[in-house]
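Summary of the model geometry
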Amino acid sequence: MAITEGHHGRNHIASGHAASIPAGIPAGRHVADGAAAAEAATAPHRSGSGPAAYVWAVARIAVGWVFLWAFLDKLFGWGFATPAKGAWVNGGSPTTGFLKGTADRTFGGVFGALAGQAWVDWLFMGGLLGIGVALVLGVGMRIAAVSATLLLVLMWAAELPLTTNPFLDEHIVYAIVVIGLALAGAGRTLGLGVQWTRTALVRRFPVLK
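What comes next concerns the included structure. (Residues numbered from 1 in each chain as written. Predicted model: local features only at pLDDT ≥ 70, side-chain atom pairs only at ≥ 80, totals over all residues. Heavy atoms only, no water.)

1. Details of the pattern of salt bridges
- Under the counting rule described, the total for this entry stands at one salt bridge.
- R105 is paired through a salt bridge with D104; the nearest N and O atoms lie 4.0 Å apart.
- D104 sits in the exposed class, given a relative accessible area of 64%. (Salt bridge = Lys/Arg side-chain N within 4 Å of Asp/Glu carboxyl O. Buried < 20%, exposed > 50% of the residue type's maximum accessible area, 1.4 Å probe, protein only.)

2. Quick look at the packing of helix α6 (residues 118–137) against helix α7 (residues 141–158)
- The geometry of α6 relative to α7 is characterised by a closest axis approach of 9 Å and an angle of 135 degrees between their N-to-C directions. Considered as vectors, α6 and α7 are oriented oblique to each other. In terms of crossing hand, the pair formed by α6 and α7 is left-handed. Facing F124, L128, I131, A134 and L135 of α6, the residues of α7 in contact are M141, A144, S147, A148, L151 and M155.
- Classifying every residue of the contact of α6 with α7 by side-chain character gives ten nonpolar, one polar and no charged. (Axes fitted to C-alpha atoms, helices over the stretch in contact; angles between N-to-C directions. Helix = DSSP H or I, 4+ residues; strand = E, 2+ residues; numbered from the N terminus. Parallel < 35°, antiparallel > 145°, perpendicular 65-115°, else oblique. Left-handed = near helix turned anticlockwise from the far one by under 90°. Contact = heavy atoms within 4.5 Å. Nonpolar A, V, L, I, M, F, W, Y, C, P; charged D, E, K, R; others polar.)

3. Here's the deal with the nonpolar core
- In terms of nonpolar packing, the biggest core is built from 22 residues, with F67, L128 and L135 touching the most fellow members.
- When contributions to this core are tallied by element, the ones reaching two or more residues are α3 (51–76), α6, α7 and α8 (170–183).
- Discounting chain neighbours no more than four positions away, the residues touching L128 are F67, L68, A70, F71, K74 and L151. (Core = buried A, V, L, I, M, F, W, Y, C linked by side-chain atoms within 4.5 Å.)

4. Digging into the packing of aromatic side chains
- Throughout the structure, instances matching the rule amount to five aromatic pairs.
- Their ring planes at 40 degrees and their centres at 5.7 Å tell us that W65 and W69 sit as a pair that is tilted. With W65 and W69 both in helix α3 and four residues apart, the pair spans about one turn of that helix.
- Judged by its relative accessible area of 45%, W65 falls in the partly exposed class.
- Taking 5.0 Å as the distance between ring centres and 85 degrees as the angle between the ring planes, the aromatic pair formed by W69 and F80 counts as edge-to-face. Remark: F80 occurs in the loop between α3 and α4 (96–100) and W69 occurs in helix α3; sequence separation between them is eleven residues.
- These aromatic residues form a ring-pair network of at least three members: W65, W69, F76, W78 and F80. (Phe/Tyr/Trp six-rings, centres within 6.5 Å; stacked < 30°, edge-to-face > 60°.)

Structure representation (structure tokens):
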């Protein structure tokens, strides 16, 4: 940018930007119009609107329901994956069946020793409930993504070696999806993500977004 003095003694600013402003349009108006256009272009992303945002939102609710349903079925034994006699409320252990079934796996000794322990049951059920509620409501997406990934990777490791694929199964796929949901801010659409981020608690501890 260079400043030159014209034949009338006035300073003129010569720059590529100034030269691009059409004649008759004040520079201030041009800049304001450009800023407004840029804001309008990014508005769908920030507000969580648009077709992609709704697809992510539906995926978020669907994955959240998978976790939440697993919690409810194991808690009450509604007969889908857990019989009534094995319900947690009836004294059953929500982790015993799965963990004991890993006896012949690579890490069977480690996971088998955890089967039926009260603290393991509480952590597992608390994780299912917390992750499920967070994803369905669209709040606490960061913590939900980290928790879900940890839980899913542990379940994946418990089943090694896999019988249907060398290294990839639904646990890893779910983990990737949950991470994507958090990165995409999927809680802002069809969820309470916007309201959640405005609370005093989240403003003080942004990690809770």
